[in-house]
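Chain residues, written in single-letter form:
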Amino acid sequence: MRLNRQTRLTTEGYYFLIVLAFVLVRGSMKEINLMLALAGMMVGAFYFNWLGARLLLRRIKARRILPDFATAGEPLSIEIELSSPHRATALQCEDKFHLHRSRGASDVGRGTVVLPQIAAKQTARAEYRVRFGRRGVYEFDPLIVISRFPFRLLSHSRRFKDSRDRLVVLPRLGRLTSRWSRFRRGADLGDRRVARRQGTTEGDFYGLRDWRPGDSRRWIHWRTSARRGSLMVRQFEEPRNEDLTLLIDLWRPAKLSDHDEENIELAVSFAATIVADACLQGGGRLSIAVTGQRGFDLNGAASRSLGHEIVQRLAAAEAASQDDWPALLAGVRSKNHLGRVVLISTRPPSDGESAAIATTAESGPSRSAPLEPLRIDTSTPELFEYFQLS
């Protein structure tokens, strides 16, 4: 068990101790009282350094200020706050965190801040920046405040056990391509419903907006574009919203390689990007089913609150090695409106997948409309036709 308080010699303290030993031995052998007196003063300096550093940290309070969530791949500032009822000088605070259920060197991080001075009955803040490379739940160890005041001969540290925290790091978001936009509008994969929905997509004109990748050139309003110097397209009302169902197959082999881990992270990032885009646009219903060690099944009206909950669940999702197709498709049978169905998998198609989809289609809410999902394998280049990682 780690002690809450520790005192150690610094590098300067080791050199000082060597000089002290030399002075003490030399003074004793030669019976030089001046050297013995000097040795006594040097011992007093050690004691004064120990007492000063200990008293300095006695009533210090420390806490860590974290945001509600972070996103993998994006820089984040973590703030450390120290307060003291008396004046404090030259304090160092060390922070350490690691990914939950992982102790790999790449999943462990450290941060250090230095506060030159804290005025009496005041609070001082400092921050360090970190970039989390992977999604997941990160656990922060207790903060450690270190003082070497006043001579740097001894380092006294205090560990604040009540400063443990957790931070959810959301999956890294990317960019959906124009092919995904065509799929959402029903203009991809040879969908026969395109002709029937084309008039619905281009409904009543009600305004203009900036051009976005995937927009048709027929929608460009050239007169306004020339006046503003940037492309503007017509905005149409959509009388009805398009439902979307996501099926995420987080499968991993028994022996996990770096390539397999990359496939899993790509699948989660792709799913999170789709959810964020669907909830930002709003309208329609969004359903998602995820397999794995922390699988889940959520559905509801596409909104920011639902999107945030889904992305948080995806942040903690873990792949599993068992074949769990029945669990993945179980929720599909009870849904009356599937909308467009997208299956994101980390492996090629298998016989078990085909059998499970066939069973679901036979027992689904509409037997006349077989389940034909858009299947995307993250281990193939096909993924990047729909999704680009930022």
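Before reading on, note that the structure itself is shown above.
Read on for an overview of the structure. The structure presented is a predicted model; accordingly, all values stated were derived computationally and were not measured.

Section: the sheet that holds strand β4 (residues 75–84)
Whether parallel or antiparallel, the strands of a sheet pair through hydrogen bonds between backbone atoms. Spatial ordering of the open sheet is given by β2-β4-β7, a layout of three strands whose pairing is antiparallel. If you trace the sheet from one side to the other, it starts and ends with β2 (61–65) and β7 (122–131), each paired once. Ignoring strand direction, the axes of neighbouring strands in this sheet form an average angle of 20 degrees. Where β2 meets β4, five bridges bridge the pair, whose relative direction is antiparallel. Each bridged residue has a counterpart across the sheet, and for Ile65 the counterpart in β4 is Glu79.

As for the pattern of salt bridges
What the rule picks out here adds up to 12 salt bridges. With a closest N to O distance of 2.6 Å, Arg64 and Asp165 form a salt bridge. Of this pair, Arg64 sits in strand β2 while Asp165 sits in strand β11 (residues 165–170), and the two are 101 residues apart along the sequence. Through salt bridges that share partners, Arg63, Glu79, Glu81 and Arg125 make up one connected network.

Brief notes about the side chain of Arg64
Residue class for Arg64 comes out buried when judged on its relative accessible area of 6%. Within the structure, Arg64 has its side chain in polar contact with the side chain of Asp165 (distance 2.6 Å).

Structural notes on the packing of aromatic side chains
Any aromatic ring pair is given by two values, namely how distant the centres are and how the planes are angled relative to each other. Applying the stated criterion across every chain, the model contains 10 aromatic pairs. Between Trp180 and Phe183, the ring centres sit 5.2 Å apart and the planes meet at 45 degrees, which makes this aromatic pair tilted. Residue Trp180 and its partner Phe183 are both found in helix α3 (residues 178–185); the two are separated by three residues, about one turn of the helix. The same class applies to Trp180 as to Phe183, namely buried. Judged by centre distance (5.2 Å) and plane angle (35 degrees), the ring pair of Phe270 and Phe387 falls under tilted. On the criterion of sequence distance, the pair formed by Phe270 in helix α6 (residues 258–281) and Phe387 in strand β20 (residues 387–389) is long-range, its members being 117 residues apart.

Cut-offs applied
- Throughout, residues of each chain are indexed from 1 in the direction in which the sequence is written.
- Side-chain atom pairs in this predicted model are given and counted only at pLDDT of 80 or more, local residue features only at pLDDT of at least 70, and totals for whole chains, interfaces and linings cover all residues.
- Neither water nor hydrogens contribute to the side-chain values; these are computed over all heavy atoms in the structure.
- Strand pairing is defined by DSSP finding a minimum of two bridges between the two strands.
- Comment: elements are numbered from the N terminus, with helices defined as DSSP H or I runs of at least four residues and strands as E runs of at least two.
- Axes here refer to lines fitted to C-alpha atoms; in helices the fit is confined to the stretch in contact. Angles between the N-to-C directions go from 0 to 180 degrees.
- In the sections that follow, a salt bridge refers to a side-chain nitrogen of Lys or Arg positioned within 4 Å of a carboxyl oxygen of Asp or Glu.
- Here's how the labels work: a residue is buried when its accessible area is under 20% of the maximum for its type, exposed when over 50%, partly exposed in between, all with a 1.4 Å probe on protein chains only.
- Definition of a polar contact: a pair of N or O atoms within 3.5 Å, with one able to donate and the other able to accept a hydrogen when the atoms are protein atoms, and with sequence-neighbouring residues admitted only if both atoms are side-chain atoms.
- Think of it this way: a Phe, Tyr or Trp ring, Trp meaning its six-membered ring, pairs with another when their centres are within 6.5 Å, and the plane angle makes it stacked under 30 degrees, edge-to-face over 60, tilted otherwise.

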